Amino acid sequence: MTQRNGIGGTSDRCPHSQAAMVCEHTNGVEQEKAPEARDDCESEESGRAGESGRSAAVTGAVTAPDGGWGWVVLVATIMVLALTLAFPSCVGIFYTDLQNEFHASNSETSWVPSIMTSALHAGGPFCSVLVARFGCRATVMLGGVLSGVGMAASSFTQSISQLYITAGVITGLGFCFSFQPAVTILGHYFVRRRAFANAMSSTGTALGLCTLPVLGNYLHTELGWRGSFLVLGAVLLNCCVCGAVMRPLQPPKHRGQPLMNHGPPPPEEGAVKREKGRVRTIWSFLVASMSEHMAFDQFCNNSRYCCYAIGITWMMLGFVVPLVYLVPYATANDMEQGRAAALLSILGIVNIVVRPPFGIIFNMSWFKGRHIYVFASALLVNGLSNSICCIGPSFNVLLTYVTVYGLSMSVVGSLMFTVLMDIVEMSRFPSALGLLAIMESITLLIGPPLAGVLVDRTGQYFHVFFACSAVVASSAVFLMVSFCWLDKRDRKLSKQGQPSALPDPARPAVDVSPGCQYRSVPTEGDKDKASANGAEYITSL
């Protein structure tokens with residue numbers, strides 16, 4: 001289909017019965033012949049997104065509204081991220097109670113938020129399969145049910161190992177099934193304003209950090225940790241409500257092909273299909289599934305994605321650990337539980353105030369191609385800020401820490417998915433996110449327990465913050481150096497008149513659908529190219 005503005009405008013339609021004819025826009029200027037590109041994109045979109053009705057014939061490209069019902073989806077995504085991504089950090093409020101209840105060490109207790117966070121990321125490939133089969137809406141609602149049931153069941157556990165299963169695995173998978181499809185469908189609704197939409201959605205994490213500690217502390221005072229887990233399980237069921245409003249974008253549909261085009265396939269085609277079905281093996285099926293839902297080809301062929309995935313994986317070893325140990329660190333140094341929980345709320349308030357302006361700023365054209373450097377710089381500040389806790393455990397020192405940490409965290413959270421969308425095309429984003437989530441889950445799983453071992457052996461919490469400072473800062477330096485080198489190599493090859501060895505961020509080397517054109521984050525230059533090509537197809541994540 002031809003789109004007048006390449007992004008947010010309406011697309012002109014030609015009836016399928018006139019597929020052999022030339023489709024004209026109302027102004028009589030742009031023309032194209034419709035059937036081939038339309039059918040190619042139909043198969044790709046229905047296979048990738050899973051959002052269209054599977055029995056209905058689909059033609060044409062899905063037009064991203066960049067507004068309209070997209071604002072409702074944005075609000076729902078904010079709520080989902082508030083209930084999922086921020087939740088593991090708030091388990092620290094119940095950290096001491098869990099230790100006393102189950103007579104567990106710091107290392108044993110820290111496995112609860114660790115497994116929860118790891119399952120949140122490791123379930124990415126499974127989530128991708130569910131999205132492809134049932135769509136984003138149903139998957140988000142399924143995640144809400146799982147997380148709610150998991151937390152409610154946690155209130156009845158009798159050992160720390162049972163808590164690993166209920167609060168860790170079940171609740172964590174529920175968070176994954178709610179969080180990733182919400183980000184996916186948001187990328188479908190917003191293209192031109194994608195950087196702004198991602199930044200606004202990331203305020204959901206800040207909203208959760210602001211409200212969940214207050215709610216958790218109140219419930220802890222009134223009901224204890226078991227009653228709190230039961231009520232929080234009911235709160236998590238609100239993900240089902242948020243998922244219900246995430247209706248899929250429907251491309252133009254037709255009633256079917258003209259009668260003259262109907263008929264059985266040629267005998268040779270049927271024979272080829274039957275033969276292909278007979279020779280298909282389990283191994284080939286597994287390879288195809290891995291290629292679709294885990295972007296190993298991108299990891300091998302796209303140097304930018306490879307460097308980004310390695311840097312983010314190393315970063316996650318120490319990025320979330322300070323949030324888990326902040327409240328225990330404060331209470332261990334005779335700070336009241338309420339004031340310690342207020343530190344997390346202040347961190348959330350800083351994120352809520354800062355992220356929307358950052359979203360508007362980062363959506364400016366000047367930042368095109370520079371998102372990764374802003375991201376790495378903020379990550380460096382975030383890592384170094386952890387050393388502030390080593391000064392002392394007083395409230396004023398920790399208040400300064402959460403302020404600096406919150407400012408840098410706002411930039412990191414606003415740009416994390418935007419950078420990934422910059423370096424891989426949208427058709428491969430779900431699989432790229434799935435592989436990145438698997439890699440992250442390993443370091444997220446071992447990070448808090450390693451910190452717990454450090455606390456058990458030293459008896460001091462500030463060693464944890466010092467170690468996290470070194471890990472996160474080193475990952476930021478790695479990202480800066482690697483992307484500087486890649487850009488320098490690109491410029492050198494360009495001056496020599498040779499094609500770049502690296503794929504263009506907007507058009508990576510591996511293209512799963514040659515018949516369709518995809519864009520990552522369209523800019524003014526992309527829109528000019530789109531009008532020149534006459535067509536631009538945008539898929540959901």
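Residues numbered from 1 in each chain as written. Predicted model: local features only at pLDDT ≥ 70, side-chain atom pairs only at ≥ 80, totals over all residues. Heavy atoms only, no water.

The secondary structure content of the protein chain amounts to 21 helices and two strands. Per-residue burial over the protein chain gives 57% buried out of 541 residues. A fraction of 82% describes how many contacts in the protein chain between residues 6 or more apart in sequence connect residues 24 or more apart. Total accessible area on the protein chain stands at roughly 22,500 Å², and carbon and sulfur atoms take up 64% of it. (Helix = DSSP H or I, 4+ residues; strand = E, 2+ residues; numbered from the N terminus. Buried < 20%, exposed > 50% of the residue type's maximum accessible area, 1.4 Å probe, protein only. Contact = heavy atoms within 4.5 Å. Areas by Shrake-Rupley, 256 points an atom, 1.4 Å probe, with all protein chains shown as cover.)

Turning our attention to the pattern of salt bridges. Under the definition given, this model contains three salt bridges. Salt-bridge contacts for E101 lead to R226; the nearest nitrogen and oxygen are separated by 3.2 Å. Within this pair, whereas E101 is found in helix α4 (residues 95-102), its partner R226 is found in helix α9 (residues 194-236), the two being separated by 125 residues in sequence. Under the relative-accessibility criterion, E101 is labelled partly exposed at 37%. Salt-bridge contacts for R304 lead to D487; the nearest nitrogen and oxygen are separated by 3.0 Å. Placement of R304 in helix α14 (residues 303-319) and of D487 in helix α20 (residues 462-495) is noted, with a sequence separation of 183 residues between them. A residue is classified by how much of its surface remains accessible, and R304, at 7% relative accessible area, is buried. Under the relative-accessibility criterion, D487 is labelled buried at 17%. (Salt bridge = Lys/Arg side-chain N within 4 Å of Asp/Glu carboxyl O.)

In the contact formed by α14 and helix α18 (residues 395-423), the axes pass within 12 Å of each other and the chain directions differ by 150°. It follows that α14 is roughly antiparallel to α18 by the angle criterion. Crossing angle aside, the handedness with which α14 passes α18 is left-handed. Contacts between α14 and α18 involve R304, Y305, Y308, M315, M316 and F319 on the former and, on the latter, Y405, M409, V412, M416, V419, L420 and I423. A per-class count over the contact of α14 with α18 returns twelve nonpolar, no polar and one charged. (Axes fitted to C-alpha atoms, helices over the stretch in contact; angles between N-to-C directions. Parallel < 35°, antiparallel > 145°, perpendicular 65-115°, else oblique. Left-handed = near helix turned anticlockwise from the far one by under 90°. Nonpolar A, V, L, I, M, F, W, Y, C, P; charged D, E, K, R; others polar.)

With that settled, consider a nonpolar patch on the surface. Residues V145, V149 and L237 make up a contiguous nonpolar surface patch of roughly 230 Å² in combined accessible area. Note on placement: V149 falls in helix α7 (residues 136-154). (Patch = residues over 30% accessible without salt bridge, like charges linked within 9 Å, V, L, I, M, F, W, Y side chains within 5 Å.)

In terms of nonpolar packing, the biggest core is built from 99 residues, with F87, Y308, F319, Y325, F375, L379 and L420 touching the most fellow members. Per-element accounting of this core gives the leading share, 15 residues, to α18. Here F375 is in contact with Y308, I312, V412, L415, M416, V419 and L479, once residues within four sequence places are set aside. (Core = buried A, V, L, I, M, F, W, Y, C linked by side-chain atoms within 4.5 Å.)

Its place among the elements puts Q298 in helix α13 (residues 296-301). Given the relative accessible area of 1%, Q298 is considered buried.

This next bit is on the packing of aromatic side chains. Tallied over the full model, the rule gives 13 aromatic pairs. Taking the centre distance of 5.2 Å and the plane angle of 50° together, the rings of Y329 and F465 count as tilted. Of this pair, Y329 sits in helix α15 (residues 321-332) while F465 sits in helix α20, and the two are 136 residues apart along the sequence. For the pair Y329 and F465, one class covers both residues: buried. Seen from their ring centres, Y401 and Y405 are 5.5 Å apart, and the 45° between their planes marks the pair as tilted. Remark: Y405 and Y401 occur in helix α18; sequence separation between them is four residues, near one turn of the helix. Y401 gets classed as buried once you look at its relative accessible area, which sits at 1%. Among the aromatic residues, ring-to-ring pairing joins Y95, F319, Y325, Y329, Y401, Y405, Y461 and F465 into one connected group. Positioned above the aromatic ring of W69 is the side chain of R247, whose terminal nitrogen or guanidinium carbon lies 4.2 Å from the ring centre. (Phe/Tyr/Trp six-rings, centres within 6.5 Å; stacked < 30°, edge-to-face > 60°. Lys NZ or Arg CZ within 6 Å of the ring centre and 35° of its normal.)

Contact pair helix α5 (residues 106-122) / helix α8 (residues 160-189): the axes reach a minimum separation of 6 Å and the direction vectors enclose 25°. Between α5 and α8, the interaxial angle falls into the category roughly parallel. As α5 packs across α8, the resulting crossing turns out to be right-handed. When its residues are assigned to classes, the contact of α5 with α8 shows 15 nonpolar, five polar and one charged.

The next thing to look at is α15. An α-helical segment advances 3.6 residues per turn. Residues three or four places apart therefore align on the same side. Between its first and last C-alpha atoms α15 spans 17 Å; for twelve residues at 1.5 Å apiece the expected length is 16 Å, and the two agree. α15 sits mainly inside the fold: ten of its twelve residues count as buried. Among all positions in α15, only V321, P322, L323, V324, Y325, L326, V327, P328, Y329 and A330 are buried. Immediately downstream of α15, the backbone of D334 shows phi near 70°, a positive value. (Expected span 1.5 Å × (residues − 1).)

Moving on, we come to unusual backbone geometry. At H103, a residue that is not glycine, the phi angle is positive and equals roughly 50°. By the element assignment, H103 lies in the loop between α4 and α5. Taking the relative accessible area as the measure of exposure, H103 reaches 72% and is therefore exposed.

Detail in the predicted coordinates should be disregarded across regions flagged by low pLDDT. On average, residues of the protein chain score 74 in pLDDT, and 72% of them reach the 70 mark or higher. Mean pLDDT per element in the protein chain: strand β1 (residues 22-24) is the minimum at 37, and α7 is the maximum at 93. The low-confidence segment residues 258-263 (pLDDT under 50) makes four contacts with residues lying over four places distant or belonging to another chain. (pLDDT = per-residue confidence, 0-100.)

Attention now goes to helix α16 (residues 337-362). Over its 26 residues, α16 runs 37 Å from end to end, which matches the ideal 38 Å to within 8%, given 1.5 Å per residue. Along α16, the largest kink reaches about 30° and is centred on R355; proline P356 follows within four residues of it. (Bend = angle between axes of the 7 residues up to and from the residue.)

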